Amino acid sequence: MKIHNTYIKRCIALAKNGLPAAMPNPSVGAVLVHNDSIIAEGYTSAYGGPHAEVNCIAFAKANTPELIAKSTLYVSLEPCSHWGKTPPCADLVIDSGIKRVVIGTIDPFAKVAGAGIKKLMQAGVDVTVGVLEKECQEVNKRFFTYHNEKRPFIILKWAETANGFIAPATRDKQEPVWITNTLSRQLVHKLRSEEMGILVGGKTVIEDNPTLTTRDWHGSNPTRIVIDTQGNLPKELHIFNNEAPTIVLKDSDPKSICKELFGHNIQSVIVEGGAATLQGFIDAALWDEASIFTGLTNFNAGIKAPKKTSQFTLQSTQHIKGDRLDTYTRSDS
């Protein structure tokens with residue numbers, strides 16, 4: 001089993017290379033091992049491209065084709081068994097003559113969900129399942145949350161002053177009031193580039209007129225999602241420009257929001273505000289992680305930051321030129 005762990009750990013490391021480009025597909029890592037040596041590796045290409053098994057086996061065919069049928073294939077996620085944008089990976093494995101496959105975890109997607117494993121076994125392949133299962137699920141936590149819980153993976157993000165305010169009492173202009181430094185703001189854009197959607201309330205859009213893009217980081221813009229219960233947001237706002245798609249929601253209830261975004265096939269959302277929107281997700285216990293920046297700034301008065309309840313379990317703290325980033329996960333206890 002220790003040998004299995006070593007190669008599945010490599011699969012996990014490879015899978016991380018495929019994110020976020022692979023979404024909404026999971027990113028999978030695959031290695032082909034012959035006589036305790038890795039002869040080929042692969043991970044999932046950008047969405048619509050070849051899967052990990054295809055890339056791995058293609059490398060082996062180009063370099064050591066005679067060893068493929070004598071090797072063991074390790075994959076972090078069950079090979080797919082259905083036609084999507086690409087052919088079934090389980091068929092490729094069988095056609096390649098591979099006789100042994102070690103799988104980190106079962107695919108939660110209903111069209112797979114054990115069917116890939118069944119197809120392999122019916123073809124006489126020796127299959128081992130459940131090696132470093134939790135770790136394999138963690139690398140695709142967005143994909144697993146989306147399919148298991150029928151909602152997006154939700155990340156709360158806000159910046160608060162040293163004395164606990166998220167926004168000032170008054171402002172002079174229709175633009176953001178910066179609490180953190182430029183390096184922290186660049187990191188926020190990196191975080192945005194890793195998710196499929198970004199959500200804000202209508203009040204935040206009116207007051208800040210944000211673009212909600214990744215302009216300070218190289219990466220794709222997430223789909224912009226704005227709550228507009230009154231249906232009266234001006235079309236001149238930045239969120240309606242052509243830099244990224246925008247979804248307008250009429251319902252501010254977090255459960256309704258999750259249901260609607262699930263229907264849009266949005267697997268992950270970073271919720272950036274305002275305070276009432278963030279607090280709504282906290283109160284509903286509909287969030288998975290939180291990234292909370294604390295700056296050196298102080299406001300004399302303003303809107304208080306959301307309350308960190310017993311749900312918040314601190315995972316890490318990062319210092320950024322005077323700012324602090326605390327990362328939390330949600331605890332159900």
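What counts, and at which threshold
- Residues numbered from 1 in each chain as written.
- Predicted model: local features only at pLDDT ≥ 70, side-chain atom pairs only at ≥ 80, totals over all residues.
- Heavy atoms only, no water.
- 1 Å grid on protein atoms, 1.4 Å probe; cavity = no way out; pocket = protein on both sides within 12 Å on 5 of 7 lines; lining within 4 Å.
- Points joined across faces, edges and corners; volume = space filled by probe spheres on them.
- Nonpolar A, V, L, I, M, F, W, Y, C, P; charged D, E, K, R; others polar.
- Phe/Tyr/Trp six-rings, centres within 6.5 Å; stacked < 30°, edge-to-face > 60°.
- Helix = DSSP H or I, 4+ residues; strand = E, 2+ residues; numbered from the N terminus.
- Buried < 20%, exposed > 50% of the residue type's maximum accessible area, 1.4 Å probe, protein only.
- Lys NZ or Arg CZ within 6 Å of the ring centre and 35° of its normal.
- Contact = heavy atoms within 4.5 Å.
- Polar contact = N/O pair within 3.5 Å; in protein donor to acceptor, adjacent residues only side chain to side chain.
- Pairing = 2+ DSSP bridges.

As recorded by an unreviewed UniProt entry, the protein chain carries the name Riboflavin biosynthesis protein RibD and is attributed to Dokdonia genika.

Asker: Now, about empty space enclosed by the protein: what can you tell me, with residues and values included?
Answerer: Over the atoms, a rolled probe matching the size of one water molecule traces out where space is still vacant. Going through the model one piece at a time under the given rule, you end up with 2 cavities of 30 Å³ or more. Computed from the structure, the largest cavity encloses a volume of approximately 40 Å³. L19, M23, N25, P26, V139, N140, R142, F143 and Q267 together form the lining of the largest cavity. Tallied by class, residues from the lining of the largest cavity come to 5 nonpolar, 3 polar and 1 charged.

Asker: A description of the packing of aromatic side chains should follow, citing residues and the corresponding values.
Answerer: On inspection of all chains with the given rule, the structure shows 6 aromatic pairs. A centroid spacing of 6.4 Å and a plane angle of 70° characterise the contact between W158 and F312, whose relative ring orientation is edge-to-face. Taken as a pair, W158 in strand 6 (residues 153-160) and F312 in strand 14 (residues 312-320) lie far apart in primary sequence, 154 residues in all. Each of the two residues, W158 as well as F312, counts as buried. Their ring planes at 35° and their centres at 4.5 Å tell us that W287 and F312 sit as a pair that is tilted. Of the two residues, W287 is situated in the loop between helix 10 (275-283) and strand 12 (289-294) and F312 in strand 14; the sequence distance between them amounts to 25 residues. W287 gets classed as buried once you look at its relative accessible area, which sits at 0%. A relative accessible area of 11% means that F312 is categorised as buried. Pairwise contacts between aromatic rings join W158, W287, F312 and Y328 into one cluster. Above the face of the F240 ring, K235 is positioned so that its terminal group lies 4.3 Å from the ring centre.

Asker: Can you break down the environment of N163 residue by residue, with the values?
Answerer: Structurally, N163 is set in the loop between strand 6 and strand 7 (165-168). By relative accessible area, N163 is classed as partly exposed at 28%. Apart from residues lying up to four places away in sequence, N163 is in contact with T297, N298, F299 and K304. Engagement of the side chain of N163 in a polar contact is seen with the side chain of T161, the distance being 2.6 Å.

Asker: Let's hear about the layout of surface pockets: which residues, and what values?
Answerer: Quantified by volume, the largest pocket comes out at close to 810 Å³. The wall of the largest pocket is formed by 40 residues, among which K157, P176, T204, D208 and E272 lie closest to the centre. Within the residue set of the lining of the largest pocket, elements represented by two or more residues are strand 6, strand 7, helix 7 (182-193), strand 8 (197-201), helix 8 (202-208), strand 11 (268-273) and helix 10. When residues of the lining of the largest pocket are assigned to their parent elements, the largest contribution, 5 residues, is made by helix 8. The residue inventory of the lining of the largest pocket, partitioned by class, reads 18 nonpolar, 11 polar and 11 charged.

Asker: Would you mind going over the pairing of strand 3 (residues 72-77) in detail, with residue names and values included?
Answerer: Burial analysis of strand 3 places 6 of its 6 residues in the buried class, the great majority of the element. Of the strand pairs in this sheet, strand 1 (residues 29-34) and strand 3 are connected by 4 bridges, and their pairing is antiparallel. Bridged to V31 within strand 3 is Y74. Of the strand pairs in this sheet, strand 3 and strand 4 (residues 100-105) are connected by 5 bridges, and their pairing is parallel. Bridge assignment links L77 to a residue of strand 4, and that residue is T105.

Asker: Tell me about the environment of V75, residues and numbers included.
Answerer: Mapped onto the fold, V75 is located in strand 3. For V75, a relative accessible area of 0% translates into the label buried. Along the chain, V75 and I8 lie 67 residues apart, while their C-alpha atoms are 6.7 Å from each other. Those residues in contact with V75, other than ones at most four positions away along the chain, are I8, C11, V28, G29, A30, E53, V101, V102, I103 and G104.

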